[in-house]
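# Observations on the model geometry
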Amino acid sequence: MVLRKLPGVSASGMGLRLSQKFVFLLFLSGLVTLCFGALFFLPDSVRLKRIFLSKNESPAVTVGSDNELSKKVPVEQEHQRTGLKGVEANVKPKVSRKPSVTHGARTVERSVGSRAQDEWSPARAHEQPARDERVTSAALNAQHGTTFSHETFKKCLLKPALGKDQGNPSDSETLKRREKVKEMMKFAWDNYKSYAWGKNELRPLTKNGHIGNMFGGLRGASIVDSLDTLYIMGLMEEYEEAKEWVQNSLDLNSNGEASLFEVNIRYVGGLLSAFYLTGAEIFKQKVLELGEKLLPAFNTPTGIPRGVINLGSGTSWSWGWASAGSSILAEFGTLHLEFVHLSQLSGNPVFTEKVMNIRKLLNKMEKPHGLYPNFLSPVSGNWVQHHVSIGGLGDSFYEYLIKSFLMSDKTDEEAKKMYYSAMEAIETNLVQKSPGGLTYVAEWRGGILDHKMGHLACFSGGMIGIGAEDGPEGQKQHYLDLAAEITHTCHESYSRSATKLGPEAFRFDGGAEATATRLSDRYYILRPEVIESYMYMWRLTHDPKYREWGWEAVEALEQHCRVDAGFSGIRDVYASTVSHDNMQQSFFLSETLKYLYLLFSDDDLLSLEDWVFNTEAHPLPVIRQTCLQEHSTKPDDGQTRLE
């Protein structure tokens, strides 16, 4: 290189200036490298993703509460269920801590609850998907050399799925009530179709659709949630509309952040149920494709899945509001039924292996007083907080234990043992009797009882009832009595309000008896849990009071929740003049109306001998493995048909 001499500048002076520039540039490049490298040592919530997102991708401020995280949905805004199926309504926002959600749980519906779903964003993004698990659904059966035969499956049912006469009751009064519930379903569906078709839920006051964020870009939650309800009720034109939408418009190639729990109980559960009831191959194809997209959530040091997953990239993270990046008991514990059926349909054992690994870890862990806390670290495998609840955050974990046993044709002894051990601990530590004689299940916070029961916990009457038959010797009547007492308490929470609908949570302290003492607990969002227990208790006892209580709920829904364009939740069940929240939840179609319809039907419509209901009320069949093997057919014989 030749240095050309510039006018007025000596060669030595020019060399010195160039040397200084070189040193400065070297220093600057080192500083930039150091700064960018330091970013990777900062907490996950402020990593590069957060810094370089474009404006329309940047995370929104979230709100929430470390306490009272049961499946609560603010009355002013959207909801979602996880079991699971919450945050307090009307809470002032805090920065960077907020759940999004609905059952479920029982859903972040059941179990978590949501506040302003349109605004939530995850706090952490972690695991990259294991590519070897993300195989295409088309390759599954070929890879594992199995073919599921729907015709063989039907041979292993003890009774026709829809009963001898579609479950028509023999007495005219009950039939009239059942027809009323069917009319309510058609009304809710027709308005959803008119004003929110393809969206996730209907806003009946403003007559438009709601999408929300909790399904990761998936659409049509109300359609998928309604498939089996429409079919069971004989609304075949509406069912065909729903099936056509699934075939032509349900796009699973989304790239958004989804609640693992909510997608599983609503979409996976809904598609599985629709397939088993109808044999339509499109539902099987869709559910296996979707199931594969959920597998990367399990790629953690312990195999406990994180609560949120990007369905496109497979990255997963924990809810920003969950203590120390923990996973939620009612979320990772509410996968077993669906994942076992995914293995059953696909022949791929990986789905069952994932949920059995969860159970294996839980069995090894120490439980405080035999109880299962609601928060568990997916990294260390340790409990994070000693908060125990049979309501939001915990509920459907216990439900899935007893239902796993029943769904296995009572061969899953491990699930049975875990359930009855948990029930013993719950009875010893949580079940209480109020001064007025009402039995309730309190919450447990590090050894201190909180004398409150959430609406979500009211499913437990039905759960304890269906588990009575197979409990310890001589305990059947005890469990049936306990189930009846809890169901009675939940009915009291309805009958003590001005609307005859129950609040989100009710208390038993300070002189309160099954009533909400906080303004933030007074709302009702069309939840099903109380009616769910009525249905189970009717099937188990045939005590006519359960049908009467169900009819009271129908009348209250008609009077206070029915509006011009659908059904809406209400903000205060104690107010004589109601204020609506402008949301027709998808679980109202999937659960509330389905359980009412079954309550007024004969027992052979979805017989409990053949079917278990997931926490979103999607019926899944009992797996009679011996029968299926005895009736096994050649791969090309009796395969399900494409419709």
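Residues numbered from 1 in each chain as written. Predicted model: local features only at pLDDT ≥ 70, side-chain atom pairs only at ≥ 80, totals over all residues. Heavy atoms only, no water.

### A look at the environment of I570
- As for its position among the elements, I570 is in the loop between β18 (566–567) and α19 (586–599).
- Since its relative accessible area comes to 0%, I570 is described here as buried.
- Separated by 69 residues in sequence, I570 and L501 place their C-alpha atoms 9.5 Å apart. (Helix = DSSP H or I, 4+ residues; strand = E, 2+ residues; numbered from the N terminus. Buried < 20%, exposed > 50% of the residue type's maximum accessible area, 1.4 Å probe, protein only.)

### What to know about the nonpolar core
- Formed by 160 residues in total, the largest nonpolar core has its most connected members in F283, L362, Y398 and M453.
- Here the element with the most residues in this core is helix α8 (residues 260–278); it accounts for twelve residues.
- For F283, the contacting residues outside a window of four places in its chain are L227, Y239, K243, V246, L271, A274, F275 and T278. (Core = buried A, V, L, I, M, F, W, Y, C linked by side-chain atoms within 4.5 Å. Contact = heavy atoms within 4.5 Å.)

### Re the state of the cysteines
- One pass over the full model with this rule turns up two disulfides.
- One disulfide in the model links C156 with C627; its S-S distance is 2.1 Å. As the torsion about the S-S bond is roughly -95°, the C156-C627 disulfide counts as left-handed. With C156 in the loop between α4 (150–155) and α5 (172–196) and C627 in helix α20 (residues 625–630), this residue pair connects regions lying 471 residues apart in the sequence. As far as the burial class goes, C156 and C627 line up, both buried.
- One disulfide bridge connects C458 with C490, the sulfur atoms lying 2.0 Å from each other. The sign of the S-S torsion, about -95°, decides the handedness of the disulfide formed by C458 and C490: left-handed. Taken together, the residues span a long stretch of sequence, with C458 in the loop between β15 (452–454) and α15 (460–466) and C490 in helix α16 (residues 476–495) at a distance of 32 residues.
- Judged by its relative accessible area of 1%, C490 falls in the buried class.
- When the bonded cysteines of the protein are numbered from the N-terminus onward, they pair as 1-4, 2-3. (Disulfide = S-S within 2.5 Å.)

### Details of the packing of α5 against helix α6 (residues 221–232)
- Between α5 and α6, the least distance of the axes is 12 Å, while the angle of their chain directions is 150°. On the basis of the axis angle, α5 is roughly antiparallel to α6. Considering the relative orientation of α5 and α6, their crossing is left-handed. Across the interface between the two elements, M185, W189 and Y192 from α5 touch S222, I223, S226, T229 and L230 from α6.
- Here the contact of α5 with α6 is composed, by residue class, of five nonpolar, three polar and no charged. (Axes fitted to C-alpha atoms, helices over the stretch in contact; angles between N-to-C directions. Parallel < 35°, antiparallel > 145°, perpendicular 65-115°, else oblique. Left-handed = near helix turned anticlockwise from the far one by under 90°. Nonpolar A, V, L, I, M, F, W, Y, C, P; charged D, E, K, R; others polar.)

### Notes on the sheet that holds strand β13 (residues 443–445)
- An order of β10-β13-β14 is seen for the three strands of this open sheet, with the pairing classed as antiparallel. In this open sheet, the two strands that pair with only one neighbour each are β10 (387–388) and β14 (448–450).
- Pairing analysis gives three bridges linking β13 to β14, with the strands arranged antiparallel. In the sheet register, W444 faces β14, and the bridge partner there is L449. (Pairing = 2+ DSSP bridges.)

### Description of the environment of T229
- You can see T229 is positioned in helix α6.
- Residue T229 is classed as buried on the basis of its relative accessible area of 0%.
- For the pair T229 and S273, spaced 44 residues apart in sequence, the C-alpha to C-alpha distance is 9.9 Å.
- The contact partners of T229, leaving out residues within four places of it in the chain, are M185, L589, S590 and K594.

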